[in-house]
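Okay, here's what each chain looks like letter by letter:
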Amino acid sequence: MGTLRKFIFHLLLINLLLYAIESVEYLCSQDDENCFDRQMHPDLVREGEELERSINPLEYTNNYWLNLSREFIKQQMNRQPNTSKAKNIIFFLGDGMGLSTIAAARNLLGGTEQKLAFEVFPYSGLSKTYSVDRIVSDSACTATAYLCGVKAIKGTIGVNGQVDVGDCATGIDRNNFVDSIAKWAMDAGKSAGVVTTTRVTHASPAGVYANIADRDWENDSQVKEACGANSAKIKDIAYQLMHGEVGRKLSFIMGGGKENFIDSSLYVNGKRSDRLDLIEYFQQEHPDNVYVETRDELMQVNLTKANRILGLYQDSHMLCHLETDENTDQPTLEEMTIKAIEHLQRNENGYFVFIEGGLIDWGHHLNKPRLALDESVEFSKAIQAARQITSEDDTLIVVTADHSHAFSYGGYPQRKGDVFAPAPASGKDGIPYMPLNYANGPSFSKFFDSGNGQRVDPSLNIVGNANDEFPSTWPMQWETHGGDDVPVYASGPWSHLFTGVYEQNALPHFMAYAACLGNGLTMCNA
């Protein structure tokens, strides 16, 4: 009996070993480079599934690709730099829109071969986004770089590197303030405006008009909490927008953030504690100032009569496009862009306008790529609209991002496949995986069972909802930014300056050169 038990035990052991060998990939010898190549670049197809053919059958021919290349060469050869003076500057900022976001977003247009509106611009380059103190930066110090022309400390806005984040003393020293290109434009007699899908007091738009040591100081209550007795001399970001040297002269202001402009005793969702209603102040500042809170109100504004226009459509950030429905009365970024240009172009001297697709960043921070990629498409629509109602002869349009995200796009998905669906094969653990993933973020616990030490099938949590979270590798309250360079696209006068790899703070100097703004080197004094 003991011999039989031993025989059965060894038989079971052999079967287990055979099963394990079948279930695990063949391990390559360290010297077998061909084996490594095969395993690094597998043909990923699910069992019983045929590899789908490409979208366009012509892609399987030589002539398709040869003709495509010839046409691009002809286009490049026929391109002539525009060295006219720029009358207008439109600066589009896709917050958090790194290269992986752009590449993945093309799938929403019908495939990876498609192009977003700005990808047809004649000139492009790469911007280095690090700050004075961090390899990976935030939207505050990057705004100082791409709007004011100097790099600074993470978390600060409109001040130089002498000011640490949250420094209540050095943050009010005007010697540390830096002016934005919006001020340079207004000093030259142009109009200026700011449009965003975030709060108008958020880090990126605040770079247009604010000088402050902490991006979080959007209202006076936040300043008081941080600085206590030292807060009296510090003007919060909302206050600077209404009373500041730059903010009070902006002709067009649009986005979210109503909560930061009204005292809590005057408005149930207000966050101020100084008994001020800055919206009422704006309305009383000039009889022809116009304040709107809905899309319908915006569409009815008489742009020829309005002096300045302020639109605040939500208490905090505006809703993402995918979160709206037929009952949502907020304008799209495209609609706000058109209204901004129509209003600002009345100035015969031209204008500067900053337009931000700010919720791309928000979607990524939440590990929600459906939101982030759809916001990228909405951003592209706004850019397309701007190109259609302006002239490349006198209007410089620049499109870029402030930073990227820890967002990856990989796993050999098929061309016809849904980018939001699982990849065409499972991982070594036998569980499906997603082409779209994050290095970190709040979704970690949904996709990894820490108790059992294994992944959770992502298809159990990703069900086609706009707010689907996608896998992240390690847990964080919010997903982080990325430190890679971000793309820059330009069209119009002197757009050829934007080629190459350069520091992010060079961007406003390029724009100023083209339009003869500020005290630096320009085409007018070169």
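Residues numbered from 1 in each chain as written. Predicted model: local features only at pLDDT ≥ 70, side-chain atom pairs only at ≥ 80, totals over all residues. Heavy atoms only, no water.

For the rest of this paragraph, the subject is the overall build of the protein. Helix and strand counts for the protein come out as 16 helices and 17 strands. The C-alpha atoms of the protein give a radius of gyration of 27 Å, which matches the 24 Å a tight globule of 526 residues would have. Its C-alpha atoms give the protein principal-axis dimensions of roughly 100 × 60 × 45 Å. Within the protein, the fraction of its 526 residues that count as buried is 50%. Pairs at least 24 residues apart make up 71% of the contacts formed inside the protein by residues separated by at least 6 positions. Looking at charge distribution, the protein has the averaged site of its 44 positive side-chain charges lying 3 Å from that of its 68 negative ones. (Helix = DSSP H or I, 4+ residues; strand = E, 2+ residues; numbered from the N terminus. Rg over C-alpha atoms; globule rule 2.2 N^0.38 Å. Buried < 20%, exposed > 50% of the residue type's maximum accessible area, 1.4 Å probe, protein only. Contact = heavy atoms within 4.5 Å. Lys, Arg positive; Asp, Glu negative; His and termini not counted. Charge placed at Lys NZ, Arg CZ, Asp CG, Glu CD.)

Once that is clear, we can look at the UniProt feature "binding site: Mg(2+)" (unreviewed entry) in the protein. As annotated by UniProt and renumbered to match this structure, "binding site: Mg(2+)" (unreviewed entry) occupies Asp95, His202, Ser204 and Glu356. Judged by maximum C-alpha separation, these annotated positions cover 262 residues in sequence but sit close together in space, the widest gap being only 11.4 Å. Turning to its location among the elements, His202 is positioned in the loop between strand E3 (191-199) and helix H7 (203-206). Classification of His202 as buried rests on a relative accessible area of 13%. (UniProt positions renumbered as here; feature names shortened; annotations may be inferred.)

Summed over the entire model, instances satisfying the criterion amount to 2 disulfides. A sulfur-sulfur separation of 1.9 Å characterises the disulfide bridge that pairs Cys168 with Cys227. When the S-S torsion is -80°, as for the bridge of Cys168 with Cys227, the disulfide is left-handed. Here Cys168 is found in the loop between helix H5 (139-148) and helix H6 (181-187), whereas its partner Cys227 is found in helix H8 (residues 220-227), with 59 residues between them in sequence. On the basis of relative accessible area, Cys227 is assigned to the buried category, the value being 8%. Here Cys516 pairs with Cys524 through a disulfide, and the sulfurs are 1.8 Å apart. (Disulfide = S-S within 2.5 Å.)

The subject of this paragraph is the sheet that holds strand E7 (residues 351-357). In sheet architecture, strand pairing relies on hydrogen bonds along the backbone and comes in two forms, parallel and antiparallel. The 10 strands are arranged E5-E6-E4-E3-E7-E1-E8-E16-E2-E17 in an open sheet whose pairing can be described as mixed. Each edge of the open sheet is held by one strand with a lone partner, namely strand E5 (290-292) and strand E17 (500-503). Taking each pair of neighbouring strands and ignoring which way they run, the sheet shows an average axis angle of 15°. Examined bridge by bridge, strand E2 (residues 123-128) and strand E16 (residues 486-491) share 5 bridges and lie antiparallel to one another. The residue of E16 that forms the bridge with Tyr123 is Ala490. Together, E5 and strand E6 (309-312) form the strand contacts of helix H10 (residues 278-285), whose direction differs from that of E5 by roughly 145°. (Pairing = 2+ DSSP bridges. Axes fitted to C-alpha atoms, helices over the stretch in contact; angles between N-to-C directions.)

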